[in-house]
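Commentary on secondary and tertiary structure
The residues making up each chain are set out below.
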Amino acid sequence: MSSIPLQSRLPNVGTTIFTVMSALAAEKKAVNLGQGFPDFDCDPQLVDAVSQAMRQGHNQYPPMPGLPVLREAIAAKMAALYGHAYNPGTEITITAGATQAILTVILAVVHPGDEVLVLEPCYDSYVPNIDLAGGKPVRVPLTPGTFRPDFEKIAAAITPRTRTIIVNSPHNPSGTVWTAAELRQLEQLLAPTNILLISDEVYEHMVFDGQKHQSAAMFPGLAERAFVVSSFGKTYHVTGWKVGYVAAPAALMQEFRKVHQFNVFTVNTPVQHGLAAYMAHQDAYLALPDFYQQKRDLFRAGLKNSKFRLLPCEGTYFQCVDTSAVNDLGEADFCKWLTSERGVAAIPLSAFYGDGFDQRVVRFCFAKKTETLQLALEKLQRL
Ligand SMILES: Cc1ncc(COP(=O)(O)O)c(C=O)c1O
């Protein structure tokens, strides 16, 4: 116990629902489809590449923005996939996961009193990040039911104090993927402004049904103002490694790096070497849509005749369902009940809204082995 008084920088932050649900899932030995991480291993070749880097003595500090060889591999991949040539020397930085990347962008560009638009429901780190920078989060709802962007609402939320907007596609938690037309609409809306864009694209390789991921890098009017963020954790099934990256025009990246170098300074060396070598296997990410689409289809087929109403899932590894035909519980109570009494953990969508908006929708993560999904489905089909 400490008797030293301390005023919290984040007085509204408590234990997140993800921690609560994971603890409950462990206690009740429930199948954990709550927190978003794979329960299967990554490619052993990737582990070998990292081990080899350690054995070869790549164990000291790398350059502050990351290993050149890894930045070059990222630049080549982004040029091939999105047609935008980022300069690996000045426009790409390796980060300790997307979470650190986003916090660092916000600390670099948001001044006290600046407004930051977040589209709710949204990933839980965005708002506390804005609070830490002294910014003002301005919450704009995605359209309830479809989770598509509502450009009238976004336009109405813009003021002279708006510094940046955070967009996440493919979208956690809803599984919505922004279309090219929607990104063009965003491009037009931002064109007359100096508003920056934080484009959280960590699920860029999980887009289904032949659709293509639309990166902000593909739209010149967005690319010139965008910090494009991605995560190796999602792409290579290594969420625990916490390595990601940011791509942005040189002038923006220069400011990013000022904060980055006094935040983490740099990211661990052998993992960067391993990733750089492994990125030569393009199949690893090109095959990802099919890999996850099969899991999505298995999970959806299993729930087709259940009481859950399936919402569309265009991307990510999350499937949202409406629970109102199962029972009358609100989302958070439903998830606790489902975990404790029926042995499957899920996450309430209300956790992704500042005001706890409850639309009787919960999120399952299907980044799981077939046996895990089948075990969960047996339990869910009985409801
Ligand atoms: C939308 C979104 N952004 C960022 C992250 C964080 O990624 P990382 O694990 O690389 O920090 C996640 C992880 O769940 C996410 O869902």
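In this report, we go over the structure that sits alongside the text. The structure presented is a predicted model; accordingly, all values stated were derived computationally and were not measured.

Summing up its helical and strand segments, the chain has 15 helices and 13 strands in all. Rg of the C-alpha trace for the chain: 21 Å, near the compact-globule value of 21 Å for 383 residues, within the 12% margin. On the principal axes, the C-alpha backbone points of the chain span a range of 55 × 55 × 50 Å. Residue burial in the chain is summarised as follows: out of 383 residues, 55% are buried. As displayed, the chain has an accessible area near 16400 Å², and 53% of this comes from carbon and sulfur atoms. Treating the 33 positive side-chain charges of the chain as one cloud and the 35 negative ones as another, the clouds have centres 3 Å apart.

For the rest of this paragraph, the subject is helix α10 (residues 250-260). Within α10 the residues assigned to the buried category are Leu-252, Met-253, Phe-256, Arg-257 and His-260. For α10, the buried positions fall inside an angular range of 135 degrees around the axis, keeping them on one side. Of the exposed residues in α10, the ones pointing more than 90 degrees away from its buried face are Ala-251 and Gln-254. Summarising the contacts, the buried residues of α10 are in contact with α3 (68-82), β2 (92-95), α4 (97-109), β6 (196-200), β7 (226-231) and β8 (244-247).

It is worth spelling out the pattern of salt bridges at this point. Under the counting rule described, the total for this entry stands at 13 salt bridges. Here Glu-115 and Lys-136 are joined by a salt bridge, their closest N and O atoms 3.8 Å apart. You can see Glu-115 sitting in strand β3 (residues 115-120) and its partner Lys-136 sitting in strand β4 (residues 136-141), a full 21 residues away along the chain. Each of Arg-148, Glu-182 and Glu-314 takes part in salt bridges that share partners, so that together they form one network.

Right, let's get into the packing of aromatic side chains. For the structure on display, the rule yields 20 aromatic pairs. A ring pair is formed by Tyr-203 and Tyr-317, whose centres lie 5.4 Å apart and whose planes are at 75 degrees; its orientation type is edge-to-face. Residue Tyr-203 is found in the loop between β6 and α8 (220-223), and its partner Tyr-317 is found in the loop between β9 (309-310) and β10 (318-322); the two are separated by 114 residues along the sequence. Judged by its relative accessible area of 3%, Tyr-203 falls in the buried class.

Around the ligand sit Gly-97, Ala-98, Thr-99, Tyr-123, Asn-168, Asn-172, Asp-200, Val-202, Tyr-203, Ser-231, Lys-234 and Lys-242, and that is every residue in its neighbourhood. Residue Ala-98 places a main-chain N or O atom 2.8 Å away from an oxygen atom belonging to the ligand. Here an oxygen atom of the ligand and a side-chain polar atom of Thr-99 are 2.5 Å apart. For the ligand, whose accessible area on its own is 400 Å², the fraction buried by protein is 93%. Here the shell around the ligand takes three residues from α4, the largest share from any one element. Its residues assigned to classes, the shell around the ligand shows four nonpolar, five polar and three charged.

Along the chain, Pro-38 falls in the loop between β1 (31-32) and α2 (44-55). By relative accessible area, Pro-38 is classed as buried at 12%. When the C-alpha atoms of Pro-38 and Thr-239 are compared, they prove to be 8.1 Å apart, with 201 residues separating the residues in sequence.

Okay, the sheet that holds β6 next. The sheet built from seven strands is open, its strands ordered β2-β8-β7-β6-β5-β3-β4 with mixed pairing. Each of the sheet's edge strands pairs with one partner strand only, and the pair in question is β2 and β4. The sheet shows a mean angle of 20 degrees between the axes of neighbouring strands, direction not considered. Contacts between α10 and the sheet are confined to β2, β6, β7 and β8, with β2 contributing the most and set at about 25 degrees to the helix.

With respect to the element layout, Phe-147 can be found in the loop between β4 and α6 (151-157). Residue class for Phe-147 comes out buried when judged on its relative accessible area of 4%. Through-space distance from the C-alpha of Phe-147 to that of Ser-174 is 6.7 Å; in sequence the pair is 27 residues apart. Once residues within four sequence positions are removed from consideration, Phe-147 is found in contact with Pro-121, Leu-142, Ser-174, Thr-176, Leu-311, Leu-349, Tyr-353 and Gln-359.

Attention now goes to the pairing of strand β13 (residues 361-365). With five of five residues buried, β13 is to be regarded as a mostly interior element. Side-chain alternation along β13 places Val-361, Arg-363 and Cys-365 on one buried face and Val-362 and Phe-364 on a second face that is also buried. Pairing of strand β12 (residues 347-348) with β13, which is carried by two bridges, proceeds in the antiparallel orientation. Paired with Pro-348 across the strands is Val-362, a residue of β13.

In this section: the state of the cysteines. Scanning all chains against the criterion turns up zero disulfides. In this model Cys-335 remains outside any disulfide bridge; the closest cysteine sulfur is found in Cys-320, 10 Å from its own. No disulfide involves Cys-365; its nearest neighbouring cysteine sulfur is the one of Cys-313, lying 10 Å away. Judged by its relative accessible area of 0%, Cys-365 falls in the buried class.

Conventions and cut-offs
- By convention here, each chain's residues receive numbers from 1 onward along its written sequence.
- For this predicted model, a pLDDT threshold of at least 70 governs which residues receive local features, and a threshold of 80 or more governs which side-chain atom pairs are given and counted, while totals over whole chains, interfaces and linings are taken from all residues.
- Note that water and hydrogens are dropped before the side-chain values are worked out from all heavy atoms of the structure.
- Secondary structure follows DSSP: runs of H or I at least 4 residues long count as helices, runs of E at least 2 residues long count as strands, and numbering of each begins at the N terminus.
- In this treatment the radius of gyration is a C-alpha quantity, and the globule benchmark scales as 2.2 Å times the residue count to the 0.38 power.
- Buried, partly exposed and exposed residues are distinguished by accessible area as a fraction of the type maximum, computed with a 1.4 Å probe on protein chains only: under 20%, between the cut-offs, and over 50%, respectively.
- Values of accessible area rely on a 1.4 Å probe in the Shrake-Rupley scheme; residue burial ignores everything except the protein chains shown.
- Positive charge is attributed to Lys and Arg, negative charge to Asp and Glu, and no charge count is given to His or to the chain ends.
- By convention, the point assigned to a charge is CZ for Arg, NZ for Lys, CD for Glu and CG for Asp.
- Directions are taken from the helix axis to each C-beta atom, and the arc is the one they span.
- Two residues form a contact once any of their heavy atoms are found within 4.5 Å.
- Put simply, a salt bridge is a Lys or Arg side-chain nitrogen that is within 4 Å of an Asp or Glu carboxyl oxygen.
- Note on ring pairs: Phe, Tyr and Trp rings are taken, using the six-membered ring of Trp, and paired if centres are within 6.5 Å. Classes follow the plane angle, with under 30 degrees stacked, over 60 edge-to-face and the rest tilted.
- Near residues are defined by distance, with any heavy atom within 4 Å of the molecule or strand qualifying the residue.
- Any pair of N or O atoms that falls within 3.5 Å is considered a polar contact. Within protein, one atom must be able to donate a hydrogen and the other to accept it, and sequence-neighbouring residues count only if both atoms are side-chain atoms.
- Basically, the charged four are Asp, Glu, Lys and Arg, the nonpolar ten are Ala, Val, Leu, Ile, Met, Phe, Trp, Tyr, Cys and Pro, and anything else, Gly included, counts as polar.
- Think of it this way: DSSP has to see at least two bridges between two strands before they count as a pair.
- A fitted line through C-alpha atoms serves as each axis, taken over the contacting stretch for helices, and the angle formed by two N-to-C directions is quoted from 0 to 180°.
- The disulfide definition used here is simple: a pair of cysteine sulfur atoms within 2.5 Å.

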